[in-house]
Amino acid sequence: MSVLAVEHLRVEFGTENGPVIAVKDVSFKLEKGEILSLVGESGCGKSTVAMSIPRLLGDSNVTLGGSVRLNGVDLSAFSEKRMQAVRGKEISVVFQEPMTSLNPAYTVGSQISEVLLRHEGLSRRAALARAVELLELVGIPDAQRRIAAFPHELSGGMRQRVMIAIAVACDPLVLIADEPTTALDVTIQAGVLDIFRRLRDNLGTSIVLITHDLGVVADIADRVAIMYAGRIVEMAPTVAIFAAPTHPYTRGLLGALPSRAVMQTDGRRRLTDIPGLVPSPSTDPDECQFAPRCASASGACTAARPAADLVAVGHSVSCYHPAVGAML
Amino acid sequence: MLQQVITSIVTLFLASIVVFVGVRLLPGDPALVLAGETADPAVVAAIREQFGLNQPIWIQYFNYVGQALQGNFGVSTRDRIPVAEILLQRLPITLELAGLAILVGVLIGLTAGIVSAVKRGSFADYAANVFGLIGLSVPHFWLGMLAILFFAINLQILPASGYVAFTEDPAENLRRMILPALVLGTGLSAVLMRQTRAALLGQLSADYVRTARSKGVSRSREVKHALRNSLTTVVTVLGLQLGALIGGAIITEQIFVIPGFGKLIIDAVSARNYPVLQGAVLVAVTGYVLVNLAVDIAYAYLNPRMRLAGGAR
Ligand SMILES: Nc1ncnc2c1ncn2[C@@H]1O[C@H](COP(=O)(O)OP(=O)(O)OP(=O)(O)O)[C@@H](O)[C@H]1O
Ligand code: SF4
Ligand SMILES: [Mg+2]
């Protein structure tokens, strides 16, 4: 049984300018100890997926559809109170915004302790001692002293690592990390990825890793899900995604042309920009939403939405004209 | 912190000049008032001499400040009782009224603000907002009359006026202070309610509240996270409202015939009792400045970023 099974997840925000369907239909499974990377352009709904799994989009203007199962148990049926016991303990999240995700009025130590006090039944003193260990674990020097620091006294990278310390504090079953390495320089980033790997190896933690950084994906992910406009358009083992991407969008992201070199000045491989505009998230027409930007588009593509098809074992793609063979 | 203290001292110095000069700009000659309208010019001159009223105003000022710093505010021109004695007798009364009003204002305002923000869109939120609007727009004297009409005359459960010292009969003192404190505190609670609601609503949607949520804490702890960051606003608003509170206290004391500072000032104005008026206003201003200093300090305590900037670490 999968640790996490997301089925037909749909998230709609009611806004003043009408509905925003941030996630249209997302399904994926995550096995024990697996690292799945979620990749896609800005605004395709990655963070929304991340936050709807532990039901953190609490607002009244949010409509959730589909189901999320943790070890086979449907979380959508859980009361808010039962969800609280899951959050931070079974499922934890590292948020995308390191600068604002910590409370400016509390010390780093008390913010890490809070989750330990909530779930681990530790004394205040034991929680603080554990918080120091966690800070050391995420590579913050002088942890004993930093524990008394307020967030504004720390750099963005350090705050991000404090967030990671909070997320891993209770050894979660599932860790959802939303661009956890964006604010970090390359050495520290490698350290953070090491922490994730160790969690996976030692505790069997399953990780959903959202990132723009293809180097990170290649480095750590077992599988990759490519998202476009609120849907997963291609999902495959990491090796297959890099060796034989089949969806035109994936090929675009990975940089189909050699001239669009994906090596950047800072040595990181990033997603390549694809010409054309992202479709409006307010409607969900029955067609392939990539068609206006797709070189392979045909009449069929705008007549009905392509369903997910298996092109190889564990490799699915939603496209009428999937490319075959390796990229040049 | 040092900077705030220096600012307070400078403010006090300037305020004392304004008060001193302002009191002298009032129409009417205090020497004449003392001596009586039909007095002999020689008597008037003697009184001028005795109270130093014939000296240049800046000498009068420095004499006065020098004495005031030693706790000597002169004597009342009416009954020759030392002003300091009068002030010491009246000050606790106003302090009690203001203290109770702040208590009422903070209790009601903070509670209503928190409830209406947390239960946004509920009936409680709606009711709190209506209360906030009414509380803001109703003047003290009108509210005071209504309170007297309703509680003292219709229901006859609370006295309409009069004052009993706390040291004499604590229960009776409180019973008589309830209405004035409610009347004076209502405006404050309305302002606090609105500001607390607005600040808390803003903070509740902050990213760090979502982080708290992701740790699995209860809703009330989430609110606690947000509230901690809203309190700086609340404290600032409280500080800004103190001026209005002092003004309101003067009116409230008149309505309920409470012999506090407000009544003292109004009586002193109509009697052209310079020394009393001056001493009372000066002490009131000092109180105002000190409270603002306390607000600044509380603000720094609540906001770690300020603490760093203030160099208190
Ligand atoms: N609370 C909200 N209310 C209304 N619209 C929202 C809300 N949150 C997200 N959206 C919209 O939903 C869409 C998906 O947003 P989301 O943050 O999930 O994208 P993302 O893939 O994480 O992007 P990025 O790579 O920039 O982080 C966007 O169009 C966004 O504007
Ligand atoms: S379905 Fe058609 S339009 Fe969509 S990606 Fe495939 S080829 Fe392009
Ligand atoms: Mg995002």
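From a predicted model like this one, the values you see are computed outputs, not experimental measurements.

**Here's the deal with the overall build of chain B**
- Looking only at helices and strands, chain B features 13 helices and zero strands.
- Overall size of chain B, expressed as C-alpha extent along the three principal axes, is 85 × 55 × 35 Å.
- Split into buried and exposed, the 313 residues of chain B put 40% on the buried side.
- The contacts of chain B with a sequence gap of at least 6 include a subset with a gap of at least 24, amounting to 71%.

**Description of the overall build of chain A**
- Scanning chain A from N- to C-terminus turns up ten helices and twelve strands.
- A globule of 328 residues ought to have a C-alpha radius of gyration of about 20 Å, and chain A, at 20 Å, matches this closely.
- If one aligns the C-alpha atoms of chain A with their principal axes, the spans along those axes are about 65 × 45 × 40 Å.
- Looking at chain A as a whole, 52% of its 328 residues qualify as buried.
- The contacts in chain A between residues at least 6 apart in sequence include a share of 64% that link residues at least 24 apart.
- With 31 positive and 34 negative side-chain charges, chain A shows a separation of 3 Å between the mean positions of the two kinds.

**Some details on the domain arrangement of chain A**
All names here are of chain A.
- By domain assignment, chain A separates into domain 1 (4–221) and domain 2 (245–317).
- For domain 1 and domain 2, the distance between their C-alpha centres works out to 27 Å.
- In this complex, domain 1 contributes 17 residues to the contact, which on the side of domain 2 involves 15 residues.
- When the buried area of domain 1 at its contact with domain 2 is split by residue, Lys24, Glu41 and Leu214 rank highest and sum to 43% of it.
- Where Arg293 meets Glu41, a salt bridge forms, and the shortest distance between an N and an O atom there is 2.8 Å.
- In this structure, the connection of domain 1 to domain 2 is made through five residue pairs in polar contact (both at pLDDT 80 or more).

**Brief notes about the packing of helix α6 (residues 156–168) of chain A against helix α7 (residues 186–203) of chain A**
Residues and elements named next belong to chain A.
- Between α6 and α7, whose axes approach to 12 Å, the crossing angle comes to 5°. Our classification of the angle between α6 and α7 gives roughly parallel. Touching Arg161, Ile164 and Val168 of α6 are Ile188, Val192, Phe196 and Leu199, all from α7.
- Residue classes in the contact of α6 with α7 are distributed as six nonpolar, no polar and one charged.

**Observations regarding the coordination of the magnesium ion (ligand 3)**
- Protein coordination of the magnesium ion (ligand 3) is provided by Ser47 of chain A (OG) and Gln96 of chain A (OE1), with donor distances spanning 1.9 to 2.2 Å. One end of the pair, Ser47 of chain A, is in helix α1 (residues 46–52); the other, Gln96 of chain A, is in the loop between β6 (91–94) and α3 (108–119), and 49 residues separate them in sequence.

**A look at the nonpolar core**
Residue and element names in this part refer to chain A.
- Phe28 and Phe196 are the most contacted members of the largest nonpolar core, which totals 76 residues.
- No other element matches the eight residues that α6 contributes to this core.
- Each residue touching Phe28, except ones within four places of it in the same chain, is listed here: Leu4, Ala5, Val6, Leu36, Val49, Ile53, Val208, Ile232 and Met235.
- Listed in part, the 20 residues of the second largest apolar core include Leu214, Ala229, Ala291 and Cys301.

**Let's talk about a nonpolar patch on the surface**
- Among the surface-exposed residues, Leu2, Ile6, Val10, Phe13, Leu14, Ile17, Val21, Leu25, Ile57, Trp58 and Phe62 of chain B lie close enough to one another that they form a single nonpolar patch of about 1100 Å² accessible area.
- Elements with a contribution of two residues or more to the nonpolar patch: α1 (2–25) and α4 (57–69) of chain B.

**A word on the interface of chain A and chain B**
- Taken together, the contact pairs 28 residues of chain A with 21 residues of chain B.
- When the two sides are added together, the surface that chain A and chain B hide from each other amounts to roughly 2300 Å², 51% of it contributed by carbon and sulfur.
- Interface area lost by chain A to chain B is led by Tyr106, Glu114 and His152 of chain A, which between them contribute 25%.
- At the surface where chain A touches chain B, the tally comes to four salt bridges.
- Applying the counting criterion to the chain A and chain B interface returns 15 residue pairs in polar contact (both at pLDDT 80 or more).
- Put simply, the parts of the chain that give the side of chain A that touches chain B at least two residues each are α2 (80–86), α3 and α6 of chain A.
- In terms of residues, the side of chain A that touches chain B owes the most to one element, α3 of chain A, which gives five residues.

**Some details on the site of ligand 2**
Residue and element names in this part refer to chain A.
- Looking at ligand 2, there are 13 residues lining it, with Cys288, Cys294, Cys301, Cys319 and Tyr320 nearest.
- Under a 2 Å grid-point criterion requiring more than half of the atoms, the pocket assigned to ligand 2 is the largest cavity.
- For the shell around ligand 2, the class distribution of residues is ten nonpolar, three polar and no charged.

**Topic: the site of ligand 1**
Residues and elements named next belong to chain A.
- Taken together, 16 residues are adjacent to ligand 1, and Ser42, Lys46, Ser47, Thr48 and Gln96 come closest.
- One of the side-chain N or O atoms of Ser42 is found 2.4 Å from an oxygen atom in ligand 1.
- Its free accessible area being 630 Å², ligand 1 has 66% of it covered by the protein chains.
- For the shell around ligand 1, the secondary structure elements donating two or more residues are β1 (4–15), β2 (18–30) and α1.
- Broken down by element, the shell around ligand 1 gets its largest block of residues, three residues, from α1.
- Each residue belonging to the shell around ligand 1 can be placed in one class, and the counts come to five nonpolar, eight polar and three charged.

**A short note on empty space enclosed by the protein**
All names here are of chain A.
- The final tally for this structure, using the stated rule, is five cavities of 30 Å³ or more.
- In this structure, the largest cavity occupies an estimated 80 Å³ of space.
- Around the largest cavity, the lining comprises 13 residues; the ones closest to its centre are Pro248, Cys288, Cys294, Cys301 and Cys319.
- Classifying every residue of the lining of the largest cavity by side-chain character gives ten nonpolar, three polar and no charged.
- Estimated volume of the second largest cavity: approximately 50 Å³.

**Digging into the packing of helix α8 (residues 170–204) of chain B against helix α10 (residues 219–255) of chain B**
All names here are of chain B.
- Closest axis-to-axis distance for the α8/α10 pair is 7 Å, and the angle between their directions is 150°. For the pair α8 and α10, the sense of crossing is right-handed.
- A class-by-class count of the residues in the contact of α8 with α10 yields 17 nonpolar, nine polar and one charged.

**Examining α4 of chain B**
Residues and elements named next belong to chain B.
- Between its first and last C-alpha, α4 extends 18 Å over 13 residues, near the 18 Å set by a 1.5 Å rise per residue.
- When α4 is considered as a whole, its buried residues turn out to be Gln60, Tyr61, Tyr64 and Ala68. All buried residues of α4 project into a common sector of 100° when viewed along the axis, lining one side. In α4, the exposed residues that point more than 90 degrees away from the buried face are Trp58 and Leu69.
- In this structure, the buried residues of α4 make contact with α1 and α12 (274–302).
- Among the residues trailing α4, Gly71 stands out with phi positive, at a value near 85°.

What counts as what
Residues numbered from 1 in each chain as written. Chains lettered and ligands numbered in written order. Predicted model: local features only at pLDDT ≥ 70, side-chain atom pairs only at ≥ 80, totals over all residues. Heavy atoms only, no water. Helix = DSSP H or I, 4+ residues; strand = E, 2+ residues; numbered from the N terminus. Buried < 20%, exposed > 50% of the residue type's maximum accessible area, 1.4 Å probe, protein only. Contact = heavy atoms within 4.5 Å. Rg over C-alpha atoms; globule rule 2.2 N^0.38 Å. Lys, Arg positive; Asp, Glu negative; His and termini not counted. Charge placed at Lys NZ, Arg CZ, Asp CG, Glu CD. Domains from an automatic or database assignment. Buried area = accessible area lost by both parts, 1.4 Å probe. Salt bridge = Lys/Arg side-chain N within 4 Å of Asp/Glu carboxyl O. Polar contact = N/O pair within 3.5 Å; in protein donor to acceptor, adjacent residues only side chain to side chain. Axes fitted to C-alpha atoms, helices over the stretch in contact; angles between N-to-C directions. Parallel < 35°, antiparallel > 145°, perpendicular 65-115°, else oblique. Nonpolar A, V, L, I, M, F, W, Y, C, P; charged D, E, K, R; others polar. Donors = N, O, S within 2.8 Å, 3.2 Å for Na, K, Ca; no water. Core = buried A, V, L, I, M, F, W, Y, C linked by side-chain atoms within 4.5 Å. Patch = residues over 30% accessible without salt bridge, like charges linked within 9 Å, V, L, I, M, F, W, Y side chains within 5 Å. Areas by Shrake-Rupley, 256 points an atom, 1.4 Å probe, with all protein chains shown as cover. Near = heavy atom within 4 Å. 1 Å grid on protein atoms, 1.4 Å probe; cavity = no way out; pocket = protein on both sides within 12 Å on 5 of 7 lines; lining within 4 Å. Sits in = over half its atoms within 2 Å of the grid points. Points joined across faces, edges and corners; volume = space filled by probe spheres on them. Left-handed = near helix turned anticlockwise from the far one by under 90°. Expected span 1.5 Å × (residues − 1). Arc of directions from axis to C-beta.

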